[in-house]
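# Structure assessment
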Amino acid sequence: MILKRCEQPPFQMFYQTSFTELQRRYFQGMVLKYVEGTRAEKGFFYIKELYSIRSKHLIPYLIKEINWFLSVFPNYEKGDRLRFWLASLYHESGRHRKSASCFLAIPQFYPRSPLAWNAVLRASDELSERPIWDYHAAIGLLEAYLGIYSKPFVQEALLRLMVFHLKVKKTKNAAKYFRELFEKYPEYVKKIREKDFRRILKVGLTSWPDSVFAAAQKRYLELYPKKSILGKIERKVNK
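Criteria and cut-off values
Counting restarts for each chain: residues are numbered from 1 in the order of the written sequence. Local features are withheld for residues below a pLDDT of 70 in this predicted model, meaning they are given only at 70 or higher, and side-chain atom pairs are given and counted only at 80 or more; totals for whole chains, interfaces and linings count all residues. Only heavy atoms go into the side-chain values, all of them from the structure, while hydrogens and water stay out. Numbering of helices and strands runs from the N terminus; a helix is a DSSP stretch of H or I covering at least four residues, while a strand is a stretch of E covering at least two. Under the scheme applied here, a residue whose accessible area is under 20% of the maximum for its type counts as buried, over 50% as exposed, and between as partly exposed, the area being computed with a 1.4 Å probe on protein chains only. By definition, residues are in contact when any of their heavy atoms lie within 4.5 Å. For helices, the axis comes from a line fit to the C-alpha atoms of the stretch in contact; other axes are also lines fit to C-alpha atoms, and the angle between any two N-to-C directions lies between 0 and 180 degrees. Angular relationships are summarised with four words: roughly parallel below 35 degrees, roughly antiparallel beyond 145, roughly perpendicular across 65 to 115, and oblique for the angles in between. Crossing chirality is assigned from the near helix's rotation relative to the far helix, an anticlockwise turn below a right angle marking it left-handed and a clockwise turn marking it right-handed. When residues are sorted by character, Ala, Val, Leu, Ile, Met, Phe, Trp, Tyr, Cys and Pro go into the nonpolar class, Asp, Glu, Lys and Arg into the charged class, and all the rest, Gly among them, into the polar class. A side-chain nitrogen of Lys or Arg and a carboxyl oxygen of Asp or Glu constitute a salt bridge if their distance falls within 4 Å. Side-chain rings of Phe, Tyr and Trp, where Trp is taken by its six-membered ring, are said to pair if the distance between their centres is within 6.5 Å; with planes under 30 degrees apart they count as stacked, over 60 as edge-to-face, and otherwise as tilted. Counted as over-ring charges are cases with an Arg CZ or a Lys NZ within 6 Å of the ring centre that also lie within 35 degrees of the ring normal.

## Quick notes on the side chain of His-165
Note on placement: His-165 falls in helix H10 (residues 151-167). Classification of His-165 as buried rests on a relative accessible area of 5%.

Next up, the structure:
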C-alpha cells in the first residue's frame, strides 16, 4: 500500500528533491494506519519501505532513522537486517570504514544470523575499497573467520585472500590460498581474473608438485584458451 502511494507522481517529485518533514509525517501516518504490531514492528516496516525505494536522496535520513531505531530497540529481533542495511547505506555514501564497522557488528551481536558470513565478506570488501586499501586488515579479518563459517563463505574468503595477498605482493601466500581453493572447490577458480591466475601459476611453477601445477595449468587453458601460449610459466610435467 505505502509503496504504491510512493509511486504516484506527486510523491516521486517530493523525494527526488529532498525528504521533507511533510513526507516523514505522511509515511509515519500511513504506517500507523495500515500496519499492525508493536511500536518496534511499525518502525521496522517504516524503515523497510523507505529502504526499498533505493533513492540516494533518502540515504542521510535513513542512516539517521536506523541509528535512532537501534538505540531505542537494541535487542530487536531483526536488528541484524537493519545493521546490514545501515552498512550498505554507509557504503553508498562512501563512508567505507563506517560501513565495515557496521557489517562487523552483525557477526559480533548476531553470530547465528544468516547474514553474518556475508557481512564479514562485505566488511573485507569495504576495507579494500579505495581510498582505504587496508588489505592487511582485510586479510586478518578473513583469516580470523576462515574456520568458523562453511562453504559459501570459505569459497569467497579464499578467493579474496588470494587477491589481497597479491595486492600486498605476497605471492607465495596468494598461491597457498589459490591451491586450497583449487583443490577444495575447483569450479570456483573461474572467478579468478586471468592476470591473477597467471601470476599464481608463476609461483606454482617452482613451488608446486608436478601434478598440482599440471592440473592448475590445464584449468587455466580451459578458462582462457586464447592465452594458450604461457611462455615462461610453461614447464614439462613428468608423467
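## Notes on the side chain of Asp-196
Examined against the element boundaries, Asp-196 turns out to sit in helix H12 (residues 194-207). Those residues in contact with Asp-196 that sit more than four places away from it in its chain are Met-162, Val-163 and Leu-166.

## Some words on the packing of helix H6 (residues 79-92) against helix H7 (residues 96-109)
Interaxial distance between H6 and H7 falls to 7 Å at its minimum, and their mutual angle equals 165°. Here H6 lies roughly antiparallel to H7, going by the angle between them. As for how H6 packs across H7, the hand of that crossing is left-handed. The segment H6 lies against H7, with Asp-80, Arg-83, Phe-84, Leu-86, Ala-87, Ser-88, Tyr-90 and His-91 engaging His-96, Lys-98, Ser-99, Cys-102, Phe-103, Ala-105, Ile-106 and Phe-109. Tallied by class, residues from the contact of H6 with H7 come to nine nonpolar, four polar and three charged.

## Observations regarding unusual backbone geometry
Where the residue is not glycine, phi is negative for most of them; where a peptide bond is considered, it is trans in most cases. A cis amide bond, omega 10°, links Arg-130 with the succeeding residue Pro-131. Tracing the backbone shows Pro-131 in the loop between helix H8 (116-127) and helix H9 (135-145). Despite not being glycine, Lys-169 has its phi angle at roughly 65°, a positive value. The topology assignment puts Lys-169 in the loop between H10 and helix H11 (171-184). Taking the relative accessible area as the measure of exposure, Lys-169 reaches 69% and is therefore exposed.

## Digging into the pattern of salt bridges
On inspection of all chains with the given rule, the structure shows nine salt bridges. Arg-160 serves as the salt-bridge partner of Glu-156, at 2.5 Å between the closest nitrogen and oxygen. A residue pair is termed a helical-turn pair when its members lie 3 or 4 positions apart in one helix, as Glu-156 and Arg-160 do in helix H10 at four residues. Exposure remark for Glu-156: the relative accessible area of 15% places this residue in the buried category. By relative accessible area, which is 17% here, Arg-160 ends up buried. We note a salt bridge from Lys-191 to Glu-156, for which the minimum N-O separation is 3.0 Å. Here the residue Lys-191 occupies a position in the loop between H11 and H12, and Glu-156 occupies one in helix H10, the gap between them amounting to 35 residues.

## Remarks on the packing of aromatic side chains
Enumeration over the complete set of coordinates arrives at 15 aromatic pairs. Summarising the aromatic geometry, the rings of Phe-69 and Phe-73 are spaced 4.9 Å apart at their centres and angled 50° between planes, so their arrangement reads as tilted. Given the relative accessible area of 1%, Phe-69 is considered buried. Consider the rings of Tyr-135 and Phe-164, whose centres lie 5.8 Å apart with planes at 40°: the pair is tilted. Placement of the pair is Tyr-135 in helix H9 and Phe-164 in helix H10, with a sequence separation of 29 residues. In this structure, Tyr-135 and Phe-164 share a single accessibility class: buried. Aromatic ring contacts, followed pair by pair, group Phe-44, Tyr-51, Phe-69, Phe-73, Tyr-76 and Trp-85 into a single cluster. Positioned over the ring face of Tyr-177 is Lys-176, at 4.5 Å from the centre of the ring.

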